[in-house]
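Working through the structure, step by step
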Amino acid sequence: LCQTPRCATAAGVCCAMRLELSEVQKQLDEAVAILGLQLDNLLGRERSSIRTEMRAISLADLRRLANFIKKKCEAYGWIDQRSRAVVSDAKEVNLYHLVYNFIGPVTAPVGHEVVDDSLELGSDGEAPGGEALWLEHKGRRRLRYVRGFPPGPPAGTPDKFVRTFSGSFAELLWNEERQAEWFVSHFWGEPVLDFVTCLDGHDERFKLGGAGLYWVCAHANSQTHIAEELGTEGPLCSPFFRALGLAKGAVLVIDSASEVTRRMWCGFENVVIARNRKEFVMATAREGKGYTLTSTPAPADFGQKDAWGELPPEQVCLKRGGEFPRHGIEQALKTDLELAQASNPDDKKMIIETVRKELGGFERANSKLRVLGATSLFATNSVTAESIQAMNEAAEPFELNGPFDAAQKAIGMGLQLQNCAGLLLTGGGKMGGDFVQALGQALRPAHKLDKINLHFVDTEAGDSELAVWGNLEDSELQAWGKVCSDKAELTAVTLNCRCCKKLTDAGVQGLGQDLAKTSSLTDARLNFSHCEKVGDAAVKAVGQGLVQAPKLALVDLDFFSCEKVSDAGAKGLGEDLAQAPNLANVRVGLMSCAKITNAGLQGLGQGLARAPKLAIVQLDLGWCDKVGDDGIKGVGQALGQAPDLNTVRVKFEGCARITNAGLQGLGQGLARAPQLATVDLDVSVCPEIGDAGVQGVGQELARAPKLATVRLNFDGSHADNKIGDAGMKGLGQALAQAPNLASVDLDFSRCSKITDAGVQGLGQELARAPKLDTVRLGFQDWYPFNNKVGDIGMKGLGQALAQ
């Protein structure tokens, strides 16, 4: 643990001084205190009761270890075991250094005998962590660490008395079995700080909150009994193989030189990962930031938004792929795991024989890495002969995500898509029918293709024309429809035609006819927002086409600001979707469709309510200035008749004709739905709603026997807003009567008549709800002088809810 100084003996011969054992012990004790290690976990028993494959370590533990390295590696004088050079820069400390200088000694009790054939020592007995005595046993060199006083047994002591229990670093942190969620494949030469940064990036991408559990060989294996940990029965009986079998996924940490792709044990791990089809993530670090690369969206890719709304997770995943440092992608393309090296030639021979005889060879793992590299290059609009070859020779299905330009290049260079399982293309450039036809031909043999996701607006175009308008024309949309109709296995279609001002009803009608032929379709998402030439005929055609898909379960249609869409289109859409036998989840966006009136909203609701399996409804009628009380009462009464309806989200922002009576009538109708559990109502910027409406909708909704979640948005944004203390208190009093209410989210921002008394009253009433466990309240105001809520109200609210 400390650098051994050199000195000249009396005879003038340079030799290593004996380590000061008291200094070594002091450093070890300090490290134990800093890291919170539990030495009793090792010293208190004769052998480990924790299986090696169950010795996971958390990211929080790894972060503590990284901070320890930053603070202490220079002070402790850590050295490189081969060159004997001092490693004083924490950024250079790798796992070889960490194990040699710290993990080995700290996990080896007094008198422990350590097998180390690779270490070259002089006859002076210099060794890490203390004085080393030589032992010979069955022709192999052994070292015995001596930590502290009294020293261990003399060199001549029989082996059975010298060998005492030793464990892994993970066991110093936890004295129980912990199964890893993620197996980490990595090169020991990667700096530890970069390694932890990579897992930081993985943790963020998968939203693990620092609590994810990882299997890392350096920490799970006992480094002083490594031969016993690995065993003699081959890699299929090793802890690596067993840990991989238990993990849900694997993280391949790409070091700066991509050496991990040239190490044989890592190659073995990647073969097993590919064979077992584990969830697979590549991670790397650059300039202190962790980057991850996945073939499908990760949890953090969902729920991301831009100025237009929520982004498809596939699109977010695509963008993250474009950010991944290029060196790792290019090296993945060159992967040939059979050429990898091992420190021990016998290990290399054993692994190659095992992989060939027992695991079907290296090709599937090689292909997996090459294809991930190729598809990642594709995402950055880069296509090479090497990447085309990797995709054409893919051993298993892959998803292809990137810009239309890259697809055009790739098709022109001979890309074959027989193994394509998912296609996401983005960009606003004009494609032309020839390209669409060529891509359709390439997709014909893709019998595993189950989703197509196309975005015809270039969201990365900045301030250019394409950032506002897409160039898609009717003929191109119809050509894409034919591509979809040719795929019998297709289950999900997303077409984002937002702002494609050249589209007309004719183009959308052709699309509807083609979608009718997709017999496996379950999920359809079509966005025609701001398509100024799209009207009722298009809306009806989409409904008539989709209803013929017998397995259709989810529909998301957006006609935001399509000024030609009227009541006839809305009513016709509802009547058509009512005939979909498996439709469970519907979202219809008609925001700012100025021709929609109460009749259209009622007709849409009445139709949807007849869909036999309807469970979730989302309607956006924001800023439809002809929608008023009769419309929202009617849609509430209609949806209340749906026997399986459990979630309703409706948005009437800016519908100035809605009054207290309409809001209460909406609640009265919805409350009749026997399975209703979640209600989300947005009546922000509706200036005619006042206290009576707020209290009335609460009273009605509280009658829904299974109501568990309520979100109500009363954001005022008007100086003459009519909502005040009485409405707030009455709403709380009403909701407190809901027997199963667990979550409440109420937004009273810019309701300038609300005072401290109203906030306190709301809290006091809500506190009586028997099962309430989550409350979110909003009182924001752009103009602080309008806001009458202060310290007294906040304090009273907190005291009330604490009860």
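Let me sum up the structure you'll find in this document. On a predicted model such as this, the values are computed, not experimentally measured, just so you know. (Residues numbered from 1 in each chain as written. Predicted model: local features only at pLDDT ≥ 70, side-chain atom pairs only at ≥ 80, totals over all residues. Heavy atoms only, no water.)

Turning our attention to helix α3 (residues 59-76). Compared with the 26 Å implied by 1.5 Å per residue over 18 residues, the 24 Å span of α3 between its first and last C-alpha is a close match. Along α3, the sharpest change in direction is near 40° and occurs at Lys70. Along α3, the residues classified as buried are Leu59, Asp61, Leu62, Leu65, Ala66, Phe68, Ile69, Lys72, Cys73 and Tyr76. Downstream of α3 by a residue or two, Gly77 has a phi angle that is positive, lying close to 65°. (Helix = DSSP H or I, 4+ residues; strand = E, 2+ residues; numbered from the N terminus. Expected span 1.5 Å × (residues − 1). Bend = angle between axes of the 7 residues up to and from the residue. Buried < 20%, exposed > 50% of the residue type's maximum accessible area, 1.4 Å probe, protein only.)

Next up on the list: the nonpolar core. Phe102, Phe169, Trp480, Phe528, Phe652 and Phe748 are the most contacted members of the largest nonpolar core, which totals 224 residues. Leave out the neighbours within four places in its chain, and Phe169 touches Leu35, Leu37, Ile57, Leu65, Phe102, Ile103, Val106, Thr107 and His219. (Core = buried A, V, L, I, M, F, W, Y, C linked by side-chain atoms within 4.5 Å. Contact = heavy atoms within 4.5 Å.)

Positive phi, close to 65°, is recorded for Cys499, a residue that is not glycine. In this fold, Cys499 is placed in the loop between β17 (492-496) and α19 (505-515). One non-glycine residue, Val685, adopts positive backbone phi at about 55°. Counting through the fold element by element, Val685 comes out in the loop between β23 (678-682) and α25 (691-701). Residue Val685 is classed as buried on the basis of its relative accessible area, which comes to 11%.

Moving on: the sheet that holds strand β8 (residues 213-215). Spatial strand order, β3-β8-β7-β9-β10-β11: six strands in an open sheet with mixed pairing. Taken across any chain shown, the strands that pair with only one partner, and hence form the sheet edges, are β3 (57-58) and β11 (289-293). Here four bridges tie strand β7 (residues 182-185) to strand β9 (residues 249-254), and the two strands are oriented parallel to one another. When the sheet's bridge partners are listed, Trp182 is paired in β9 with Gly249. Most of the contacts of helix α10 (residues 264-275) go to β7, to which it runs at about 145°, and overall it touches β7, β9 and β10 (279-286). Seen against the sheet, helix α14 (residues 363-379) touches β9, β10 and β11 and runs at an angle of roughly 60° to β10. (Pairing = 2+ DSSP bridges. Axes fitted to C-alpha atoms, helices over the stretch in contact; angles between N-to-C directions.)

Take the pairing of strand β16 (residues 451-455) next. Of all the five residues making up β16, four are buried; the element is thus mostly covered by neighbouring parts of the structure. Relative to β16, strand β15 (residues 420-426) runs parallel, the two sharing five bridges. Pairing of Leu425 across the sheet is with Leu454, part of β16. Direction of pairing for β16 relative to β17: parallel, over a ladder of five bridges. Each bridged residue has a counterpart across the sheet, and for Ile452 the counterpart in β17 is Val493.

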